[in-house]
Amino acid sequence: MGNLAGKVAVVTGGGSGIGTASARRLAQEGARVVVADIDGESAARVAAGLPGEAEAVAADVSTEDGVESYIRAAVDRFGRIDLHHLNAGVLGTMAPLPDVDPADFDHVIAVNLRGPFLGLRAAFRRYREQASGGAVVLTASISSLRGADDQLPYQTSKHGVLGLVHGAAMYGAPRGVRVNAVAPGLIPTGIFAPDRAATLGQRGGTIPMRRLGTVDEIAGVVAFLLGDDSSYVTGEVVSADGGAFIVNTVVRSGGSGAWTPQD
């Protein structure tokens, strides 16, 4: 058991990728975990494989009913919620700006920005009802911090996540609730379309650490931010990207493609 023993944690988007790794790491640290995912079968499979007590919930995080369903399931099973990892997200269209369909834009914003907003609101309502503090981590992205011309809806939503983190951290700090974010870089998960996934290794070789990250490495950051070792940390966005964020693209050593994995 780790330093989360006895805590109750909710992980959204827990049926795959970073969410699954987060649920597993939190369970290994001793937390009782509620795995929420729009794919209920995947959530159930993950929950069944965790080392401690766990509950699975099929939930659409972009809706109030969906968020209420995982909150209610957690409270019904475990009586309270201490920790939230608001992780569910979609990549969405990669169309160039003039060709982005508003419906595609709205879908990404609904899942990636409205979902965390609803999750934060529900978390704070729960903490108020419990008369307790707690900790929340949102999954941001390297796209929260930099621009690109081929993922406008996604990066817009992830920029918005930082606004949620900063505002919620300000509101939560005097109430004993910490709110932070992890900003993953290139992490192989099912969020990438096949054509994009095929180039991940090549692109990963151009960042300072010359490799892709793993979902378990992101889960480690999440566990730290939710645990007592980060008790004086709030409103922070922790980049876990192999150094990609720090690259200066206008100097000799910087820029995508400036070196190869062999070098």
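Residues numbered from 1 in each chain as written. Predicted model: local features only at pLDDT ≥ 70, side-chain atom pairs only at ≥ 80, totals over all residues. Heavy atoms only, no water.

As annotated in an unreviewed UniProt entry, the chain is Short chain dehydrogenase from Acrocarpospora macrocephala. In its Sequence similarities (unreviewed entry) section, the UniProt entry covering the chain states "Belongs to the short-chain dehydrogenases/reductases (SDR) family." (UniProt positions renumbered as here; feature names shortened; annotations may be inferred.)

A. How the structure looks around the layout of surface pockets. Space inside the second largest pocket adds up to approximately 240 Å³. Forming the walls of the second largest pocket are 14 residues, and the residues nearest its centre are F124, R125, R128, Y171 and R175. Those elements giving two or more residues to the lining of the second largest pocket turn out to be α4 (102-130) and α5 (152-172). When residues of the lining of the second largest pocket are assigned to their parent elements, the largest contribution, 7 residues, is made by α4. (1 Å grid on protein atoms, 1.4 Å probe; cavity = no way out; pocket = protein on both sides within 12 Å on 5 of 7 lines; lining within 4 Å. Points joined across faces, edges and corners; volume = space filled by probe spheres on them. Helix = DSSP H or I, 4+ residues; strand = E, 2+ residues; numbered from the N terminus.)

B. Fine view of the side chain of N87. Checked against the element boundaries, N87 lands in the loop between β4 (83-86) and α4. Among the polar contacts listed, one links the side chain of N87 to the backbone oxygen of G13, at a separation of 3.4 Å. Not counting the four nearest positions on each side in its chain, N87 is found in contact with T12, G13, I18, G19 and T139. (Polar contact = N/O pair within 3.5 Å; in protein donor to acceptor, adjacent residues only side chain to side chain. Contact = heavy atoms within 4.5 Å.)

C. Broad picture of the packing of aromatic side chains. The final tally for this structure, using the stated rule, is 2 aromatic pairs. Geometrically, the ring pair formed by F124 and Y171 is edge-to-face, given 5.4 Å between the ring centres and 70° between the ring planes. With F124 in helix α4 and Y171 in helix α5, this residue pair connects regions lying 47 residues apart in the sequence. (Phe/Tyr/Trp six-rings, centres within 6.5 Å; stacked < 30°, edge-to-face > 60°.)

D. Quick look at the pattern of salt bridges. In the structure shown here, the tally under the stated rule is 9 salt bridges. With its nearest N and O atoms 3.9 Å apart, the salt bridge here joins E53 to R77. Linking E53 in the loop between α2 (40-48) and β3 (54-58) with R77 in helix α3 (residues 64-78), this pair joins segments that are 24 residues apart in sequence. What makes E53 partly exposed here is its relative accessible area of 43%. One salt bridge in this structure joins E129 and R126, with 3.5 Å as the shortest N-O distance. With E129 and R126 both in helix α4, this residue pair falls 3 residues apart, about one helical turn. Assessed through its relative accessible area of 62%, E129 is described here as exposed. What makes R126 buried here is its relative accessible area of 13%. The network of salt bridges with shared partners includes E53, E55 and R77. (Salt bridge = Lys/Arg side-chain N within 4 Å of Asp/Glu carboxyl O. Buried < 20%, exposed > 50% of the residue type's maximum accessible area, 1.4 Å probe, protein only.)

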